[in-house]
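So you can see what is in the structure, the chains are spelled out below.
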Amino acid sequence: MPLESGITAADYTGQYWRSLYYFNCFRFVIGSGLLIVSWQSEFASLGSYHYQLFLYAGIAHVLFSGLFMLLIRLRLPGFNRQLAIQVISDIAFFSLMLYASGGLQSGLGVLLLVSLAGAGLISRGRLALFFASIATISLLLQETYSLWTIDHYAAQYSQAGLLSMAYFAVAWLAHRLAKYTLASEQLAKERGIDLANMAQVNQLVIQDLQEGVLVVDQYGYIRQRNAYAERLFDLNSSADKAERLKLSDCIPELANRLTSWQGDSSISFDLLRLAHSNALVRTRFLPIQADSRNGVVIFLEDMGRIQAQLQQLKLAALGRLTANIAHEIRNPLSAINHAAELLEE
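What comes next is a walk through the structure. (Residues numbered from 1 in each chain as written. Predicted model: local features only at pLDDT ≥ 70, side-chain atom pairs only at ≥ 80, totals over all residues. Heavy atoms only, no water.)

### Side note on the nonpolar core
Then step 1. Grouped together as the largest cluster of nonpolar side chains are 36 residues, with contacts concentrated most on Leu83, Val87, Met97, Phe131 and Tyr167.
Then step 2. Those elements that place two or more of their residues in this core are helix 1 (14-40), helix 2 (51-74), helix 3 (79-100), helix 4 (111-122), helix 5 (128-149) and helix 6 (157-207).
Then step 3. Top contributing element to this core by residue count: helix 3, with 10 residues.
Then step 4. If we ignore the near neighbours within four places in the chain, the residues touching Phe131 are Leu83, Ala84, Val87, Ile91, Leu116 and Ala119.
Then step 5. Core analysis: the next-biggest nonpolar cluster, separate from the first, contains 24 residues, Leu214, Val216, Leu254 and Leu300 among them. (Core = buried A, V, L, I, M, F, W, Y, C linked by side-chain atoms within 4.5 Å. Buried < 20%, exposed > 50% of the residue type's maximum accessible area, 1.4 Å probe, protein only. Helix = DSSP H or I, 4+ residues; strand = E, 2+ residues; numbered from the N terminus. Contact = heavy atoms within 4.5 Å.)

### Things to note about the sheet that holds strand 5 (residues 280-287)
Then step 1. The six strands lie next to each other as 3-2-1-6-5-4, forming an open sheet whose pairing is antiparallel. Two strands lie at the open edges of the sheet, namely strand 3 (245-246) and strand 4 (272-273), each paired on one side alone.
Then step 2. In terms of strand pairing, strand 2 (residues 221-225) meets strand 3 through two bridges, oriented antiparallel. Counted as the bridge partner of Tyr221 is Lys246 from strand 3.
Then step 3. Most of the contacts of helix 6 go to strand 2, to which it runs at about 75°, and overall it touches strand 1 (212-217) and strand 2.
Then step 4. Against the sheet, helix 10 (residues 252-263) engages strand 1, strand 4, strand 5 and strand 6 (295-302), with an angle of about 40° to strand 5. (Pairing = 2+ DSSP bridges. Axes fitted to C-alpha atoms, helices over the stretch in contact; angles between N-to-C directions.)

### Some thoughts on the pairing of strand 5
Then step 1. Relative to strand 5, strand 4 runs antiparallel, the two sharing two bridges. Bridge assignment links Leu272 to a residue of strand 5, and that residue is Val281.
Then step 2. In this antiparallel pair of consecutive strands, strand 4 and strand 5, the connection spans six residues, and Asn278 shows a positive phi of 60°.
Then step 3. Looking at chain direction, strand 5 and strand 6 are connected through seven bridges and run antiparallel. Counted as the bridge partner of Arg284 is Phe299 from strand 6.

### A closer look at the pattern of salt bridges
Then step 1. Counting across every chain of the model gives five salt bridges.
Then step 2. Between Asp90 and Arg27 there is a salt bridge, with the nearest N and O atoms lying 2.9 Å from each other. One end of the pair, Asp90, is in helix 3; the other, Arg27, is in helix 1, and 63 residues separate them in sequence. When sorted by exposure, Asp90 lands in the same class as Arg27, which is buried. (Salt bridge = Lys/Arg side-chain N within 4 Å of Asp/Glu carboxyl O.)

### Side note on helix 2
Then step 1. Between its first and last C-alpha, helix 2 extends 35 Å over 24 residues, near the 34 Å set by a 1.5 Å rise per residue.
Then step 2. In the core, the buried residues of helix 2 are packed alongside helix 1 and helix 3.
Then step 3. Positive phi appears at Arg75, one or two residues downstream of helix 2, with a value of about 55°. (Expected span 1.5 Å × (residues − 1).)

### Observations concerning helix 6
Then step 1. The first and last C-alpha atoms of helix 6 sit 74 Å apart over 51 residues, in line with the 75 Å expected at 1.5 Å per residue.
Then step 2. Residues of helix 6 that are buried: Ala160, Leu163, Ser164, Tyr167, Ala171, Ala174, Ala178 and Ile206.
Then step 3. Buried residues along helix 6 sit against helix 4, helix 5, strand 1 and strand 2.

Here it is as structure tokens:
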């Protein structure tokens, strides 16, 4: 069955249904516009052969469009069936209005081009050629029926054939564009997964750094931070992680340094005493791009930790020195003790 495209209902996200809703709004506007033009304009040829039939078909088209606005909200029936019913109803109602207006000379057959193009793009290329074939059959049947029922009617099969070719051309173009759109969406989805993985890797890397790291965007908001920076600035609450923090609001002294550095990147800063943890840190700024105003990575070296590491190194060196001195003293003492034992003997 052409209505069964092999795609599950879960695959039709809100974007598909929104597109179908806008398409239905377009159908409603077109139907209402045709009715208004036929009522108000005396120069239009709409309904020139059978005005009552044209009026009934136009009103039915508008009512169908309004009904499907409600059904789209309810998402009943399924996406494929709703789209097929809407396009086939367009073909049926436009064929009736085309017949009531005296045939192809009214120019209403061109309206189906827009419907076919919209349906092909909304369905991502599925059923596009099927809709074009239905429109072609309906157009040829309408032209044949007009030849039989309308007096002195000259059938325009050549124009109908050209219009049918245009139907298939638009449907094929919509199909190709839909395939390109699907490929672009798939590529964008894969790139998004890659970017998410890279962001997780970056977060893991900066978490293991033995210094505070803050990633600040061009608007001054903290986009990423590691656990060491959270301890320095007391940002380890779950509420702070859930919302975007502005650097100037939570760390004004660091924001002032960032502003000064953006004005002159060669400036050197003294050590900064943090008000949150009373820690003494050395700040280092690294632009994400060539322009420092597009984003900055801020590195914070805790001088207290560095001094503690230096103290540990000094103690370790002192221990090694003491062991060497003891070794150097023990050797002469052992020789003296041995000589004393020999003298005693």
